[in-house]
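# Architecture at a glance
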Amino acid sequence: MATTTTTTVFSSSFTLFAASLSFFLLLSLNTANGDGTFGVQQQHFYTVQLSSLFPSDSCSPAPSTKGLNKLPVFHKHGPCAEAQQLVTSTNQPKPTADEILLQDESRVRKIQSRSRKSDVRVTDSTSIPAKDGSTVGSGNYIVTVGLGTPAKKLSLIFDTGSDVTWTQCQPCVRSCYQQKEKIFDPSSSKTYRNVSCEAAACSALAAATGNRGCSASTCVYGIQYGDTSISAGFFAIEKLTLTKTDVFDEFYFGCGQNNKGNFGGAAGLLGLGRNQLSLVSQTSDKYKKLFSYCLPSSPSGTGFLTFGGATKSAVKYTPIASVAGGDNFYGVGITAISVGGKKLPVAASVYSAAGAIIDSGTVITRLPPAAYSALRSAFRKQMSKYPLGQALSILDTCYDLSKFKTFAVPKIGFFFAGGAEVDIDAVGILYANKPSQVCLAFASNGGAKDVAIFGNVQQQTLEVVYDGAGGRIGFASGGCK
C-alpha cells in the first residue's frame, strides 16, 4: 500500500514537473531577451546595440582585396579615407546631418527631373549653362584609381547615377577646389590627348551630361549638378589603371578646368552609369558590363568595388527595368515591402506607377507617398515602446534612444520583380544623428509620379551586383561589415 502511494505521488510530481518545464520552455521561446518582443516575432526583429550605429574614430580593417579587380571603398568623410590621405584632413569641417540630407534632396530632385532635360551647348572650357540633366555628384564613397603615364593615383567618388568620369586638372584655368592629392597635370603624362569636336565621343556627351560643346577644335564637357556643384573642362583620352594587371589605354574622361562644389576633397568622380561613356561601357570588352560593390556598415569601415564578377555565389537577381528619363539609370521593379515579417497593404501598382532605380549616390531611400505612409505606420506601431524624438530634415520618424543600450527594431524586406527578396541590414533601416535622434532611414516622394530610389543607406553590407550584359541586378547578404 505504501509503495502504491509513493508511486502515485511520484507520478503526480513528475507530471507537475513536466508541465512546469513545458510552460517554462514555452515562456522562454515566446519572450525575447529583455527587449519586449515575443519569440514568434523575434525572428522578424533585430536586437541592436545603440553604440553600433555610430562610427569609430579609427579605421576598421579592410576586407581581403586579393580578388582580381577588387578596389577598397571608403566613406569620404570617414577615418579610413583620412588614414589613406585620400581626402582633406580632419581640420576641414565635416557636413552636418542636415547638410548631408539637404544635398541628398537636391540630388533626388535632379534625378526626378531627368525626363524633362534638354540638350544645351557649352561654348568654352570653363563655362557651363545654369542647368543640365546631371545628378548631384557629391556621393559618399570613394575609390582610388591611376590616371596617366606614369600613373597618378586619384581618389574618385564612384557614382552609378553619373556617366562621365572626370578629375580636376592643372592649370585650373578658372577654379579648383581643395583636394588632398596633387591635382592631375596632363602635361606630365605621356599618354594624354584632347578629343576633337568631330569625334563620335564628343557627340555622345549630350546624352551623358545634357551638354555638348567645343573650344576651337577641342571637345569641351560641362556638368552642373543639382546642388550647384560644377565641373567643366576639356574632354580627353588617357590611360586608366584600375589594378596592376588591368590597364585601359583609350579611356575617355573630363579634364576639369573649372570645378566647384561639395566633393569632400575627392579628386573627381568615377561614372558607373549605363551610358556609352561610362567606365562600365568603356571597359565592357574585358568586364562584360559586370561589376559589384559593398558599402560598409559605418563610415569607419571599408567596403569594395570589383569588376568582372561577384564575390558571393548566393546572389538574388532582379531584371533591370526601364524608367522615365532614359536608360542611363539602373531601374528596378519593387513589388512589395515588408515590416516585421508582414507585407504592407500596398498594391504593386503603387510601386510601378513611376518605377524605381537603385543609386549609389542617393543616401536615403525614397518611396511613393502611399508606400511610405504604410511603411511609417507599420514601423511606428512596432516601435511604440520607444519614445519619439525630434524629426531630422526629411526624416519624420525619429526616436530618443538615449536611455537604451540595446533596442529591438523590426526587419524591413524588399521584394523585387523576378522573385528576389532582400532583407535590409539593421544599419540600413536607421539613420543615427545622435542617441536622442535615431531615425527611420526612408522618406516620401513628393508625388506618386516621382521615381522611387533605393538609396545607399539601405544597400549597406549587401553586395550589389550590376550585370549590364545580362540585364539584371543582384543582391547578396553579408558582402562586407
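An unreviewed UniProt entry annotates the chain as Peptidase A1 domain-containing protein originating from Linum trigynum.

### Focus on the packing of aromatic side chains
In total, this model carries 22 aromatic pairs according to the counting rule given. Ring centres 5.9 Å apart and planes at 25° place the aromatic pair Phe235 and Tyr252 in the stacked group. Highlighted residues: Phe235 in strand β10 (residues 230–241) and Tyr252 in strand β11 (residues 247–260), separated in sequence by 17 residues. Members of the aromatic cluster, joined through ring pairs, are Phe158, Phe248, Tyr287, Phe291, Tyr293, Phe307, Tyr330 and Tyr466. Here Lys411 stacks its cationic end above the ring of Tyr46, 5.0 Å away from the centre of that ring.

### Digging into the layout of surface pockets
Size it by volume and the largest pocket reaches roughly 720 Å³. If you go around the largest pocket, you meet 31 residues; those closest to its centre are Pro55, His75, Pro299, Tyr431 and Ala432. Going through the elements one at a time, α3 (79–83), α4 (97–112), β26 (430–434) and α10 (456–459) are the ones with two or more residues in the lining of the largest pocket. Considering each element in turn, the lining of the largest pocket owes the most residues, four residues, to β26.

### Focus on the confidence of the model for the chain
Counting all residues, the mean pLDDT for the chain is 84, and 81% of those residues have values of 70 or more. This stretch, residues 1–40, has a pLDDT under 50; its non-local contacts, to residues over four places away or in other chains, come to 18 contacts. Below pLDDT 50 for its whole length, residues 115–138 participates in 95 contacts with residues either more than four positions away or in separate chains.

The rules behind the values
Every chain is numbered independently, its residues counted from 1 as its sequence is written. Local features are withheld for residues below a pLDDT of 70 in this predicted model, meaning they are given only at 70 or higher, and side-chain atom pairs are given and counted only at 80 or more; totals for whole chains, interfaces and linings count all residues. Heavy atoms throughout the structure, all of them, feed into the side-chain values; hydrogens and water do not. Classification of ring pairs rests on two measures: the distance between centres of Phe, Tyr or Trp rings, Trp counted by its six-membered ring, which must be within 6.5 Å, and the angle between planes, read as stacked under 30 degrees, edge-to-face over 60 and tilted in between. Elements are defined by DSSP. Helices are runs of H or I of four residues or more, strands are runs of E of two residues or more, and each kind is numbered from the N terminus. Placement of a charge over a ring requires the Lys NZ or Arg CZ to be within 6 Å of the ring centre, with the centre-to-atom vector within 35 degrees of the ring normal. Cavity and pocket criteria rest on a 1 Å grid covering protein atoms alone: a 1.4 Å probe that fits but cannot get out defines a cavity, protein on both sides within 12 Å along at least 5 of 7 lines defines an open pocket, and an atom within 4 Å of a point defines a lining residue. Grid points are joined across faces, edges and corners, and a volume is the space filled by probe spheres set on the points. The predictor attaches a confidence to each residue, called pLDDT, with possible values from 0 through 100. Residue contacts are counted whenever heavy atoms from the two residues lie within 4.5 Å of one another.

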